[in-house]
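# Summary of the model geometry
Read off the chains here:
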Amino acid sequence: MGGSRALSLSSLCAASLSLAAATRSPLHRTRHLRPRLAAAMSSSSSPSPAPAPGGADSAAAPSASSAIDFLTLCYRLKTTKRAGWVRRGLQGPESVADHMYRMGVMALVAADLPAGVDRDRCVKMAIVHDIAEAIVGDITPSDGVPKEEKSRREKEALDHMCTLLGGGSRADEIRELWTEYENNATLEAKVVKDFDKVEMILQALEYEKEQGRDLEEFFQSTAGKFQTDVGKAWAAEIASRRK
């Protein structure tokens, strides 16, 4: 079990690295992402270990092997650079993990969340919402991939990651949080979607100051799209610091 699982994960990571290279241009991404994603899925499809004895709680918990396999795949979030910054030729562009981490901190420190919002759920959602990018990469509007197709690819990748984790309550919560965010279904999802935009324009402001660049397009792409008072207030504060 340990040998075959390590081999399959190695194959998955190799496929994921090839996928990252293929996603450097919209044309390559459109032509090659689907078969490479399918290959990544099949290469790590070894069965999960049987649940350990001890009742429902132990059966719902991922084994050490499943957890480390899952976390090893999540390493890709630390090495996958956010595509918008790469395309603009910025030096030292942030990774997907960088982006999600600061979103989680935003949810943790915000004193002006809407009444009734579950702060802990927002923190969890922030660190899960882009997790499928460990496999599919950072697909952006400039890639020309339809929104429905992007969501389909990410859901397929997420399902694979949850299977890799071994299923159970932890995988179910990750899937539930991701789906809730994708559907913009709750007040927590709306808050986290606003933090997604806030983090991007805050990063844009920092790049403007550090690298002497004009990144107005990133501010324009979020204008008028904030759904919550906290999102609007934080975006206004960031905009005021550009002057």
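Now for a description of the structure that goes with this document. (Residues numbered from 1 in each chain as written. Predicted model: local features only at pLDDT ≥ 70, side-chain atom pairs only at ≥ 80, totals over all residues. Heavy atoms only, no water.)

## Focus: the pattern of salt bridges
Scanning the model with the defined rule gives 20 salt bridges in all. When the shortest N-O distance is used, the salt bridge between Arg-102 and Glu-199 registers 2.9 Å. In this pair, Arg-102 sits in helix α6 (residues 96–109) while Glu-199 sits in helix α11 (residues 187–211), placing the two residues 97 residues apart along the sequence. Residue Arg-102 is classed as partly exposed on the basis of its relative accessible area, which comes to 22%. For Arg-242, the salt bridge goes to Glu-216, with nearest N and O atoms at 2.6 Å. Taken together, the residues Arg-242 in the segment after α13 (229–240) and Glu-216 in helix α12 (residues 216–222) connect sequence positions 26 residues apart. Relative accessible area serves as the criterion here: at 28%, Glu-216 is assigned to the partly exposed category. One network of salt bridges, in which partners are shared, links Glu-149, Arg-152, Arg-153 and Glu-156. (Salt bridge = Lys/Arg side-chain N within 4 Å of Asp/Glu carboxyl O. Helix = DSSP H or I, 4+ residues; strand = E, 2+ residues; numbered from the N terminus. Buried < 20%, exposed > 50% of the residue type's maximum accessible area, 1.4 Å probe, protein only.)

## Describing the packing of aromatic side chains
The relation between two aromatic rings is expressed through the spacing of the ring centres and the mutual angle of the planes. Summed over the entire model, instances satisfying the criterion amount to three aromatic pairs. Ring plane angle 40 degrees and centroid distance 4.5 Å describe the contact between Trp-85 and Phe-218, whose orientation is recorded as tilted. One end of the pair, Trp-85, is in helix α5 (residues 83–87); the other, Phe-218, is in helix α12, and 133 residues separate them in sequence. Given a relative accessible area of 2%, Trp-85 falls into the buried group. Through a chain of ring-to-ring contacts, three or more aromatic side chains come together here, namely Trp-85, Tyr-207 and Phe-218. Taking the ring centre of Tyr-181 as reference, the NZ or CZ of Lys-193 above it sits at 4.1 Å. The ring of Phe-219 carries the charged tip of Arg-242 above its face, separated from the ring centre by 3.8 Å. (Phe/Tyr/Trp six-rings, centres within 6.5 Å; stacked < 30°, edge-to-face > 60°. Lys NZ or Arg CZ within 6 Å of the ring centre and 35° of its normal.)

## Some details on the nonpolar core
Core analysis: the biggest nonpolar cluster contains 53 residues, and Trp-85, Ile-131, Met-161 and Phe-195 have the highest contact counts within it. Ranked by residues supplied to this core, first place goes to α11 with 10 residues. If we skip the residues at most four places from it in the chain, Phe-195 touches Met-103, Met-106, Ala-107, Ala-110, Leu-113, Val-230 and Trp-234. (Core = buried A, V, L, I, M, F, W, Y, C linked by side-chain atoms within 4.5 Å. Contact = heavy atoms within 4.5 Å.)

## Points about the side chain of Glu-173
Take Glu-173: it is sitting in helix α10 (residues 168–182). Residue Glu-173 is classed as buried on the basis of its relative accessible area of 18%. Among the polar contacts made by the side chain of Glu-173, one reaches the side chain of Lys-124 at a distance of 2.9 Å. (Polar contact = N/O pair within 3.5 Å; in protein donor to acceptor, adjacent residues only side chain to side chain.)

## As for helix α9 (residues 147–164)
Along its 18 residues, α9 runs 26 Å from first to last C-alpha, staying within 8% of the 26 Å computed at 1.5 Å per residue. Of all the positions in α9, only Glu-149, Arg-153, Glu-154, Ala-157, Leu-158, His-160, Met-161, Cys-162 and Leu-164 are classed as buried. Immediately beyond the C-terminal end of α9, within one or two residues, lies Gly-166, with a positive phi of roughly 100 degrees. (Expected span 1.5 Å × (residues − 1).)

## Overview of the packing of α6 against helix α7 (residues 119–126)
How two helices pack is summed up by the angle between their axes together with the distance between the axes. Interaxial distance between α6 and α7 falls to 8 Å at its minimum, and their mutual angle equals 175 degrees. Taken together, α6 and α7 sit at an angle that is classed as roughly antiparallel. The residues of α7 that touch α6, namely those facing Met-100, Met-103, Gly-104, Ala-107, Leu-108 and Val-109, are Arg-119, Cys-122, Val-123 and Ala-126. For the contact of α6 with α7, a count of residues per class yields eight nonpolar, one polar and one charged. (Axes fitted to C-alpha atoms, helices over the stretch in contact; angles between N-to-C directions. Parallel < 35°, antiparallel > 145°, perpendicular 65-115°, else oblique. Nonpolar A, V, L, I, M, F, W, Y, C, P; charged D, E, K, R; others polar.)

## Remarks on helix α4 (residues 64–79)
Taking 1.5 Å per residue, 16 residues should reach 22 Å; α4 reaches 23 Å between its end C-alpha atoms and fits that length. Inspection of α4 places Ser-66, Asp-69, Phe-70, Leu-73, Cys-74, Arg-76 and Leu-77 among the buried residues, and these make up the whole buried set.

## Comments concerning the environment of Arg-121
Relative to the elements of secondary structure, Arg-121 occurs in helix α7. With 71 residues separating them along the chain, Arg-121 and Val-192 place their C-alpha atoms 9.7 Å apart. Beyond its immediate stretch of four places on either side in the chain, Arg-121 contacts Glu-176, Leu-177, Glu-180 and Glu-188.

## A word on the packing of α6 against α11
Following both chains from N to C, one finds α6 and α11 inclined at 115 degrees, their axes separated by 9 Å at the closest point. Judged by the twist between their axes, the crossing of α6 over α11 is right-handed. Residues His-99, Arg-102, Met-103, Met-106 and Ala-107 of α6 touch α11, and the partners they reach there are Val-192, Phe-195, Asp-196, Val-198, Glu-199, Leu-202, Gln-203 and Glu-206. Class assignment for the residues of the contact of α6 with α11 results in seven nonpolar, two polar and four charged. (Left-handed = near helix turned anticlockwise from the far one by under 90°.)

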